[in-house]
Every structure is written in structure tokens, then in C-alpha cells.
Amino acid sequence: MFEPVLLKNIDVPDGHLLSTYEAGGGYQALAKVLREYTPDEVVNLVKQSNLRGRGGAGFPTGMKWSFVPKQSGKPKYLCCNADEGEPGTFKDRIIMERDPHQLIEGLAVSAYAIGAKTAYVYIRGEYVTAIRRLEQAIAEAHEKGYLGSRILGSDFNFTVHIHCGAGAYICGEETAMLESLEGKRAQPRLKPPFPAVAGLYASPTVINNVETLACVPHIVVRGPDWFRDIGPDKSPGPKLYCVSGQVRKPGLYELPMGIPLRELVDHAGGPSPGRKIKAVIPGGVSAPVIPEHGLDVGMDFDSLAAAGSMLGSAGVIVIDDSTCMVKVATRIIEFFHHESCGKCTPCREGLNWVVKVLRRIEAGDGAPGDLEQLDMLCKGIFGNTFCALGDGAAMGLRAALKHFREEFVAHVEERRCPFH
């Protein structure tokens, strides 16, 4: 039985309060690093743990921190990406609502490691409860001396600010988020320069996800060896999986990284009585769908990449055999088309055409050559956009066409949906 680490306080009464967090050992990691470690030693500690970013890309966290120049002459910033706009994903919201001090301590330790005095939590404005809980937690931490000037009697000064977004999915992309923080239209920047060198206000900036930052205090207290012993060597640690869709027990599950996808679906109760699993989207709608016969894949970055998909935000969406995959693909592409920032032509125009073709097929008005046109459009979008939004849309549609092409063909030939 796996003992929860990140979710240990979510069902504790008043788990969002500082007193509850302290009673469970909260802020011991911050006290330890301020007392025993230099910033470089904290960076090396996280490197040794092999913590990889939980926001989607899976980039090694300690390595990202080490890219920040030490003598830039500019202030350094830490940004927490709490936008969580990926459909099927709700893990960060739970941390911020039920255990916000875990995030604040992670921010403080991480800021100390990179030399930042200011952090911004970029959170989607719809997360009203999470915002209020974070505001309360920041006030409590200031009053107790965990934030502010000369934290715990040290020379470390650190402040956390909350910035509420307006619900734009594109702000999950790190440079678009920085543009929004600066008061500009949220559109991705051309890289390089990368944020570690020229990020917020053209200053060195580290951007980490809520779950990533929440892992940091536990690594400090329990050690990097403990973290590496959970899950596979290249993608270790505890992991939060959001399971939704056509399962009996949808919800948030904390399990080791690398758990087989089939086993994860079983944890969520499996399909409804009388139904069978058709496919699973393993990492939010930008992750290519995996058919039932491929569900023995491990839920980690490398295993899913080898299987032609990705872990992404670990938003696991289960699809049973009553569902039309053409309808699923259409809804997903409609989402990406709606959320495209419009900066680059392949994404802006390409997704517009993909939506038109898919809607036509779904409505029973498909024509010969439509599937080939979809293949061509995916080829024109993938790898030709400023950010990964277009890539995610193209990869998802490609996977649906590959694994369930017979359903698309049936829609075109029968001029109707076989499922409805």
C-alpha cells in the first residue's frame, strides 16, 4: 500500500491551516536549508533526486535551476505555473485548496536555491477557493516568519504574490504566462533566449509547476535517495494522477511514478458494468490516445514516449466502448482551436480547417479524401508552431486516426455516426 506524500493532508480537518501543516512537520525543510545548506547545495540535492517537472515537459528540475546565471546583475524571479488549463487535469487545484502551505514551503526552498527574493503564483481565475486559501496561507506564513524579511533569523528575504489569470489555456505555456504577468497579450515568445536567462522583465526566471514545487520540501527532509527509490530510475518519485471519464471511481490518486496504466484504471474502479475500455488518454487531451491493448505501459515520461504518447499533466481520461472516437477527436480539436492564441499561421489556420472537416464528418457529411486531408493538415501543423499547442492537437488527432481509423471511415461511408 503506497503511503501518500503530497496528498497526506488533503483529508485532514483544517488541512489548509498553518497549525495543521506545522503539526505534520511543515516548514522543517525550509528551516533545514537555511540552517545547513548553501543555495548550490540545495540545487545539487534536487539534481540528485532526479525530480522531473510535473507540469508536462518532464525536464529535470535541478538542471533547470542550474541554468540561472549567478552574476547577471538583475533580480531573479521564481514563477509557479498554477494555471492548470489542460482538460482532465485537477491535481494542482487540490494541493492549493487543501494543503497550500506545502506549495509555499516549496516556493521558499526553491527561491533560496536559485537566489530569488520574489515569486509569482500564476493561477487561473476560476480557482476561487484555491486563491482564497493561498491568500490566507501567505498571510499566515508572513505572520509566523516563514515569508518576509530575515526568514527564521537568516539573511533570506522572500515574498510571494498571486496573479490571477483569465482562463486562457495558452498561459500554461511558460513564455505566454510571462507575457501575461507583464500585462501583455498572452502569446508565446520565440526561444532562445530561455526564461532562465531572460524571463520575467527580461530577468533570470525559473518556472515550475505546483506539484513539482510541492515535491521539494519532501526531498530536503527525506533525502534524494528516498525519492529515487520510488518508481523508475529516470522518472522517480510520487505522482499525482487525475482520473476522469468513464470509470466507476474518478478522482485524484497518488501512486508511484511508472505504475502501469491498466493498474491505474483499476484503482479508479475500472469501466462501468457491462462496458469495456476502448482507449485511455494518459496525459490530458494533448497526449495521444492509447488503445486498450496498450494499457500495460508504465505511467512515466520515458515509457509513454516510447509508446507514442506522453505523460503530460497526468490527466488520465478513460474512454469506454460506447463512445464515438470521431466525436472525441472533434471535441478535442474544437478546444485547441478555441484556445489557440492565433500568433502563428499553422495553428491558427490549420486548426480552423481541421475543425471544419471533423464537424462535417461527424455530422454525416464526410466526403472521400477527408481523412487524407486531415493527415495533410496534421503534417502541416506539427513541428511548425511557436509553442506545443499545435503539436498537441496534431499528435492527438494523428493517434485517433491511426488507432481508430475504421470509425472515421464508417462515418464517411455510412454518412452517419454508427454510435448514435
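Residues numbered from 1 in each chain as written. Predicted model: local features only at pLDDT ≥ 70, side-chain atom pairs only at ≥ 80, totals over all residues. Heavy atoms only, no water.

**Q** Whenever I open this one, the sheet that holds strand β6 (residues 251-256) confuses me. Can you help?
**A** What holds strands together in a sheet is hydrogen bonding between their backbones, with the strands either parallel or antiparallel. If you trace the 5 strands from one edge of the open sheet to the other, you get β6-β5-β9-β7-β8, paired in mixed fashion. The open sheet is flanked by β6 and β8 (290-291), the only strands paired with a single partner. Both strand β7 (residues 277-281) and β8 contribute to a ladder of 2 bridges, which runs antiparallel. Considered in β8, the bridge of Val-280 is made with Ile-290. (Pairing = 2+ DSSP bridges. Helix = DSSP H or I, 4+ residues; strand = E, 2+ residues; numbered from the N terminus.)

**Q** How should the packing of helix α5 (residues 91-98) against helix α7 (residues 128-144) be read in this particular structure?
**A** Geometry of a packed helix pair, given as the angle between the helix axes and the separation of the axes. Running from N to C, α5 and α7 cross one another at 40 degrees; their axes reach a closest spacing of 7 Å. The angle between the axes of α5 and α7 places the two elements in the oblique class. Two packed elements cross with a definite hand, and for α5 against α7 that hand is left-handed. For the pair α5 and α7, contact is made by Arg-93, Met-96 and Glu-97 and by Thr-129, Ala-130, Arg-133 and Leu-134, respectively. (Axes fitted to C-alpha atoms, helices over the stretch in contact; angles between N-to-C directions. Parallel < 35°, antiparallel > 145°, perpendicular 65-115°, else oblique. Left-handed = near helix turned anticlockwise from the far one by under 90°. Contact = heavy atoms within 4.5 Å.)

**Q** For this particular structure, what's the right way to read a nonpolar patch on the surface?
**A** Among the surface-exposed residues, Phe-59, Met-63 and Phe-67 lie close enough to one another that they form a single nonpolar patch of about 270 Å² accessible area. Judged by relative accessible area, Met-63 falls into the partly exposed class, the value being 38%. (Patch = residues over 30% accessible without salt bridge, like charges linked within 9 Å, V, L, I, M, F, W, Y side chains within 5 Å. Areas by Shrake-Rupley, 256 points an atom, 1.4 Å probe, with all protein chains shown as cover. Salt bridge = Lys/Arg side-chain N within 4 Å of Asp/Glu carboxyl O. Buried < 20%, exposed > 50% of the residue type's maximum accessible area, 1.4 Å probe, protein only.)

**Q** Is there a simple way to think about the side chain of Glu-211 in this case?
**A** Relative to the helices and strands, Glu-211 resides in helix α10 (residues 210-222). According to the relative accessible area criterion, Glu-211 is buried, its value standing at 0%. For Glu-211, the side chain forms a polar contact with the main-chain nitrogen of Leu-240, separated by 3.0 Å. Residues within four places of Glu-211 in sequence aside, it is in contact with Leu-6, Arg-54, Lys-91, Asp-92, Ile-95, Pro-238, Lys-239 and Leu-240. (Polar contact = N/O pair within 3.5 Å; in protein donor to acceptor, adjacent residues only side chain to side chain.)

**Q** Honestly, the pattern of salt bridges in this entry has me stumped. Any pointers?
**A** Oppositely charged side chains can form a pair if their charged atoms are brought close together. Applying the stated criterion across every chain yields a total of 30 salt bridges. Ionic pairing is found between Arg-52 and Asp-302, a salt bridge with its closest N-O pair at 3.2 Å. Of this pair, Arg-52 sits in the loop between α3 (39-49) and α4 (61-66) while Asp-302 sits in helix α13 (residues 301-306), and the two are 250 residues apart along the sequence. A relative accessible area of 14% places Arg-52 in the buried class. On the basis of relative accessible area, Asp-302 is assigned to the partly exposed category, the value being 34%. Glu-292 is the partner of Arg-262 in a salt bridge, and the nearest nitrogen-oxygen pair spans 2.7 Å. With Arg-262 in helix α12 (residues 261-267) and Glu-292 in the loop between β8 and α13, the pair connects residues that are 30 residues apart, well separated along the chain. Taken together, the salt bridges that share partners define one network made up of Lys-91, Asp-92, Glu-211 and Lys-239.

**Q** Would you explain the packing of aromatic side chains in this entry?
**A** We describe a pair of aromatic rings using the distance from one ring centre to the other and the angle between the two ring planes. Applying the stated criterion across every chain yields a total of 11 aromatic pairs. A ring pair is formed by Tyr-27 and Tyr-146, whose centres lie 3.9 Å apart and whose planes are at 5 degrees; its orientation type is stacked. Separated by 119 residues along the polypeptide, Tyr-27 in the loop between α1 (18-23) and α2 (28-36) and Tyr-146 in the loop between α7 and β3 (159-165) bring together distant segments of the chain. The exposure class of Tyr-146 is buried, given its relative accessible area of 10%. Relative to Tyr-201, the ring of Tyr-77 has its centre 5.8 Å away and its plane inclined at 70 degrees; by these criteria the two rings are edge-to-face. (Phe/Tyr/Trp six-rings, centres within 6.5 Å; stacked < 30°, edge-to-face > 60°.)

**Q** Before we go on, may I ask you to explain the nonpolar core in this structure?
**A** A general tendency of soluble globular proteins is for nonpolar side chains to be buried together. Ranked by size, the top nonpolar core spans 63 residues in total, and within it Leu-30, Trp-65, Met-96, Leu-107, Ile-123 and Phe-158 carry the most contacts. The greatest single-element share of this core, amounting to 9 residues, is contributed by helix α6 (residues 100-114). In this structure Trp-65 touches Val-42, Val-43, Val-46, Ser-110, Ala-113, Ile-114, Val-206, Asn-208 and Val-216, once residues within four positions along its chain are discounted. If you look at the next biggest cluster of nonpolar residues, it comprises 55 residues, including Cys-171, Cys-341, Ala-393 and Phe-404. (Core = buried A, V, L, I, M, F, W, Y, C linked by side-chain atoms within 4.5 Å.)

**Q** For this particular structure, what's the right way to read the environment of Pro-236?
**A** As for its position among the elements, Pro-236 is in the loop between α11 (224-228) and β5 (238-245). Between the C-alpha atoms of Pro-236 and Leu-51, which are 185 residues apart in sequence, the distance is 6.7 Å. With near-sequence residues (within four places) excluded, Pro-236 lies in contact with Ser-49, Asn-50, Arg-54, Phe-227, Arg-228, Ile-230 and Met-257.

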